[in-house]
Amino acid sequence: MSGLDIPAIWAFVIAFAVFAYVVMDGFDLGVALLFPFCSERHDRDVMMNSVAPVWDGNETWLVLGGGGLFAAFPLAYGIVMPALYAPLIAMLLGLVLRGVAFEFRWRTERWKPVWDIAFTGGSLVAALAQGIALGALLQGIRVEGRAYAGGWWDWLSPFSLLTGAAVVIGYGLLGATWLVMKTSGDLQLRALRLARPLAALTLAAIVAVSLATPFLEGKYWQRWFEMPGILVAAPVPLALAGTALLLFRSLADAHDYKPFLLSLVLFGLCFVGLGISIWPDIVPGRVTIHQAAAPESSQIFALVGVLILVPIIIAYTAYAYWVFRGKVDPDAGYH
Amino acid sequence: MFGDFDAVLLARIQFAFTMSFHIIFPAFSIGLASYLAVLEALWLWTGQDRYLNLFKYWLKIFAIAFAMGVVSGIVMSYQFGTNWSVFSDKAGPVVGPLMAYEVLTAFFLEAGFLGVMLFGMNRVGKGLHMLATGLVATGTFISAFWILSVNSWMQTPTGHGVNDQGQFVPLDWWAIVFNPSFPYRLVHMVLAAYLTTALVVGAAGAFHLLRGRASQEARTMFSMAMWMLICVAPVQILAGDLHGINTLEHQPPKVMAMEGHFQSHPNGAPLILFGLPDQAAATVRYALEIPKLSSLILKHDLNAPLAGLDTVPRENWPPVPIVFWSFRIMVGLGLLMLALGAVGLVARWRGGLYKWRPLHVFALLMGPAGFVAVLAGWVTTEVGRQPFTVYGLLRTADSVSPLAAPAVGASLVAFAVIYLFVFAAGMFYILRLMSHAPHPGERGPEQGQPVRTAGITPAPAVAAGANP
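Since we're looking at a predicted model, the values are computed, not measured. (Residues numbered from 1 in each chain as written. Chains lettered and ligands numbered in written order. Predicted model: local features only at pLDDT ≥ 70, side-chain atom pairs only at ≥ 80, totals over all residues.)

Examining the overall build of chain B
Quick reminder of the rule: Going along the chain from the N terminus, every DSSP run of H or I of four or more residues is numbered as a helix, and every run of E of two or more is numbered as a strand. Atoms counted for the radius of gyration: C-alpha only. Globule rule: 2.2 Å times residue count to the power 0.38. With C-beta atoms placed from the backbone, a residue counts as buried when 20 or more other C-beta atoms lie within 10 Å of its own, as exposed when 12 or fewer do, and as partly exposed for counts between those limits. Contacts here follow a simple rule: the backbone-placed C-beta atoms of the two residues must lie within 7 Å.
Along its length, chain B carries 15 helices and six strands. Relative to the compact-globule value of 23 Å for 468 residues, chain B shows a C-alpha radius of gyration of 24 Å, a close match. If you line up chain B on its principal axes, its C-alpha atoms span 75 × 50 × 45 Å. For chain B, the residues scored as buried account for 53% of the 468 residues in total. By sequence separation, contacts in chain B at least 24 residues apart represent 76% of the contacts at least 6 residues apart.

Structural data, given as structure tokens:
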């Protein structure tokens, strides 16, 4: 296998899984975040129905991200998980609450408000924890030898709270634009009215995180503001500005599906920006992908499965989305 | 608050707690997914309404059980790293790829087709819907395949080497996946899942028969469950026996703990039925034993010598009382399952399957037995693996994350509170669904939503056409 950089391929595979997770679970977590703005029960039924058939598949990408990290970069998995212990446990518990709410909510009348709170609260905790985890990784974690060496509150900082808030807002935007695409009538109008300020807030959050990041580590600064990094990096903010412009215009035009797709592009560009900052590290500033790589035989064995199966998975995931395409019928819900 | 506990013990309690909650749901959903596939196939084949009604009845329950299995399973996929980071670093190159394959071949398959299975019957047509149900059932089996391969490798590691960093590195993937205890464990666990489901289905049927709601559906599911029990329980006992002999070959101290054999027996070992194992004194107090029977069961020879824990260094002993008792609970319940199946067969032969109330009471009481047996079996095999994570090679105490006890303790409390809340609610909803008798015109998981007057699926019309 000489010539092929297997760890680099694996890094892209994991990045793809994480990105797929962020945008796909992003919109269904986002839909839950918007529950407080839509108090009518019927609207909430329709909102939940719009994601009910796909949320489980969406969340599986998170398992692939974690499982892929375990398989291909076990050292990084072993360092990162204890470092992010508190936010990760909070995220898992949040996902438990909002996951069961999908089923429990339909099995009771009296407790419906309780599961609505579990749905929104669990999603909020999960989104916030994911953002905090991202910030904690970017600001750097203490590593000694082959293990995490920091305390169990190290993840908490103004920066990680900023990234936490940014992810919550961004997921809100994905959820709102998803609803614009999947619903009709009054609910669609309400989603549109939520999407506009959320788009502005998302943009503000991106700018804030982008401005703060280069000051965390000298390496980030070099990537973004010194040659030759700037050559790769400069197009990203430009593309981002252009996408934001198109997004605002599509929202002003009350377009059906363009706002959602442009929000996805916005997330994609942020993701590319992150990649530029941390490449080729897997624990930013501490461990590179090559240092953390599992033995080649492990990486190749699992990679064969990834290269064969992920295209198949994408195909049948697309089929599942196709089966439930179009607007959610508000009168004959299929949940 | 947690100063008196060490982080290793807390991490173990947390893992055992989250794992025990998790295992209940796959054990149920592996069996139930297959049952649903059988019901849908029978409906398509015979065109009889009762199978469709039962399919929809159990589908609602499956949806809840599956959701709880998914969310508690996601927790497990991160617990390795959060609580056992040194194990993850060292064993990751071997077990990580196997778990990645589980995600790729099983989780996506289940998740991708679950939506269609639950909500898509009126969108994709009957043939494709049957395919979706079959794929979900297949996914649950594939998932069991990979995770049991991982577990079995930790019990009987083969096919690996060790590199400079102290990591286990794969040398022969075939030997790793099909390690010596894997085939036995896979068969034993999958059969356990089938038995667990049969007991739950049988108990639900028995409940409705006892309440005088002997609808065609209630009779059908009770009858199917009793057939399943009498067919699978004997095979399971045989599989368990073979698994035990395999364990004796590869992990003798575990069998010594299961049997309560602190001392070696050069001239045939007794079978200790009951007693109170005392680990410190290395003896079983008040032992009720049958001479030489243990040698007969394990070696098929009355006088075969059997070594005891006195041949094993004390620091490598598993906690004997736990293993000893959990093993007896599992075996006892297994024998009761066989008894229920046999009584059911006799009742059927005499034409009393739907009338004989003692049988129904027995079946109802046995409803949770599968779950208890599965948990007891897992305790036997996992506690019996101690004090190692990778048997004989990596100690549990050397596998744990560098975490402060308060962090692990606080998260343990959070898990306990939220799990008990969520799972109590889930059990309540499942039991409430079961307490309604299955009936003609049963609705699927879309219940709670406005349904069109024509019915949510074309099935009733089709079925009506088939049976004028």
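Things to note about the overall build of chain A
Looking only at helices and strands, one finds 14 helices and four strands in chain A. By the compact-globule yardstick of 20 Å for 335 residues, chain A fits well, its C-alpha radius of gyration being 20 Å. Along the first, second and third principal axes, the C-alpha set of chain A runs to 60 × 40 × 40 Å. Looking at the 335 residues of chain A, the share that counts as buried comes to 56%. The long-range fraction of contacts in chain A, counting pairs at least 24 apart against all pairs at least 6 apart in sequence, stands at 78%.

Structural notes on the interface of chain B and chain A
Where the parts come together, the accessible area they lose is often given as the size of the interface. Taken residue by residue, the interface counts 62 residues in chain B and 62 residues in chain A. Those elements giving two or more residues to the side of chain B that touches chain A turn out to be helix H2 (49–83), helix H3 (85–119), helix H4 (121–124), strand E2 (168–170) and helix H14 (405–435) of chain B. Broken down by element, the residue count for the side of chain B that touches chain A peaks at 22 residues, all from H3 of chain B.

Considerations on the confidence of the model for chain A
This is how the line gets drawn: Per-residue confidence from the prediction method is given by pLDDT, with values spanning 0 to 100.
Confidence in the prediction of chain A, expressed as mean pLDDT, is 88, and 98% of residues score 70 or more. Mean pLDDT across the elements of chain A bottoms out in helix H10 (residues 229–233) of chain A (79) and peaks in helix H7 (residues 158–182) of chain A (94).

Some words on the packing of helix H4 (residues 74–83) of chain A against H2 of chain B
Condition: Interaxial angles span 0 to 180 degrees and are taken between N-to-C directions of axes, which are lines fitted to C-alpha atoms, for helices over the stretch in contact. An angle below 35 degrees is treated as roughly parallel, one above 145 as roughly antiparallel, one from 65 to 115 as roughly perpendicular, and anything else as oblique. Under the grouping applied here, Gly and all other residues not named as nonpolar or charged are polar, the nonpolar ones being Ala, Val, Leu, Ile, Met, Phe, Trp, Tyr, Cys and Pro and the charged ones Asp, Glu, Lys and Arg.
Contact pair H4 of chain A / H2 of chain B: the axes reach a minimum separation of 7 Å and the direction vectors enclose 90°. By the angle between their axes, H4 of chain A is roughly perpendicular relative to H2 of chain B. Packed against H4 of chain A, whose contacting residues are Tyr 77, Gly 78, Met 81 and Pro 82 of chain A, the element H2 of chain B presents Tyr 78, Gly 81 and Thr 82 of chain B at the interface. A class-by-class count of the residues in the contact of H4 of chain A with H2 of chain B yields four nonpolar, three polar and no charged.

Topic: helix H13 (residues 369–383) of chain B
All names here are of chain B. Heads up, the rule is: For a helix, the expected span equals 1.5 Å multiplied by the number of residues minus one.
With 15 residues, H13 extends 21 Å between its outermost C-alpha atoms, agreeing within 8% with the 21 Å of an ideal straight helix rising 1.5 Å per residue. With 11 of 15 residues buried, H13 is to be regarded as a mostly interior element. Check the buried side of H13 and you find it contacts helix H1 (7–46), helix H7 (182–210), helix H9 (252–259) and helix H11 (320–349).

Quick notes on unusual backbone geometry
Peptide bonds are mostly trans, and most non-glycine residues show a negative phi. Between Trp 279 of chain A and the following residue, Pro 280 of chain A, the backbone shows a cis peptide bond with an omega angle of 0°. Within the secondary structure, Pro 280 of chain A sits in the loop between helix H12 (258–278) and strand E3 (281–283). Residue Pro 387 of chain B is bonded to the preceding Gln 386 of chain B through a cis peptide linkage, with omega at 5°. Of note, Pro 387 of chain B is situated in the loop between H13 and strand E5 (388–390). Even without a glycine there, the phi angle at Ala 254 of chain A is positive, about 55°. Position of Ala 254 of chain A among the secondary structure elements: in the loop between helix H11 (235–252) and H12.

Focus: the nonpolar core
Threshold: Nonpolar cores are identified as sets of buried Ala, Val, Leu, Ile, Met, Phe, Trp, Tyr and Cys residues joined via C-beta atoms within 7 Å.
One finds Phe 73 of chain A together with Leu 229 of chain B to be the most contacted residues of the largest nonpolar core, which totals 265 residues. By residue number, the principal contributor to this core is H3 of chain B, which donates 22 residues. Once residues within four sequence positions are removed from consideration, Phe 73 of chain A is found in contact with Ile 282, Ile 289, Ala 292, Ala 293 and Ala 294 of chain A.

Details of the environment of Ser 250 of chain A
All names here are of chain A. If you trace the backbone, Ser 250 turns up in helix H11. When the C-alpha atoms of Ser 250 and Ala 166 are compared, they prove to be 22 Å apart, with 84 residues separating the residues in sequence. Leave out the neighbours within four places in its chain, and Ser 250 touches His 255, Lys 258, Pro 259 and Leu 262.

So, the packing of helix H5 (residues 85–104) of chain A against helix H6 (residues 112–138) of chain A
All names here are of chain A. Worth spelling out the cut-off: Note: crossing handedness is left-handed where the near helix turns anticlockwise from the far helix by less than a right angle, and right-handed where it turns clockwise.
The N-to-C vectors of H5 and H6 enclose an angle of 150°; their axes lie 7 Å apart at closest approach. Overall, the two elements H5 and H6 adopt an arrangement that is roughly antiparallel. Crossing geometry of H5 relative to H6 is assigned as left-handed. Residue classes in the contact of H5 with H6 are distributed as 17 nonpolar, five polar and one charged.

Remarks on the environment of His 42 of chain A
Residue and element names in this part refer to chain A. The residue His 42 is located in helix H2 (residues 41–51) in this model. When the 14 C-beta atoms within 10 Å are taken as the criterion, His 42 is described as partly exposed. Sequence separation between His 42 and Phe 102 is 60 residues, and the spatial gap between their C-alpha atoms is 15 Å.

Things to note about H9 of chain B
Residues and elements named next belong to chain B. The element H9 is extensively covered by neighbouring structure, given that seven of its eight residues are classed as buried. By the burial criterion, the buried members of H9 are Pro 253, Lys 254, Val 255, Met 256, Ala 257, Met 258 and Glu 259. Those residues of H9 that are buried are in contact with helix H8 (216–250), strand E3 (271–278), helix H10 (293–299), H11 and H13. Looking one or two places after H9, you find Gly 260, whose phi comes out positive at around 75°.

Regarding the pairing of E3 of chain B
Under the convention used in this document: At least two DSSP bridges between two strands are required for those strands to pair.
Where E3 of chain B lies against strand E4 (residues 283–290) of chain B, six bridges are found, and the strand directions are antiparallel. Pairing of Ile 272 of chain B across the sheet is with Glu 289 of chain B, part of E4 of chain B.

Let's talk about the confidence of the model for chain B
Residue and element names in this part refer to chain B. Looking at chain B as a whole, the pLDDT averages 86, with 94% of positions reaching at least 70. Of all helices and strands in chain B, the one with the weakest mean pLDDT is helix H15 (residues 459–466) (36), whereas H7 scores best (94). The low-confidence segment residues 447–468 (pLDDT under 50) makes 27 contacts with residues lying over four places distant or belonging to another chain. Scored by ipTM, the complex comes to 0.84, with pTM at 0.86.

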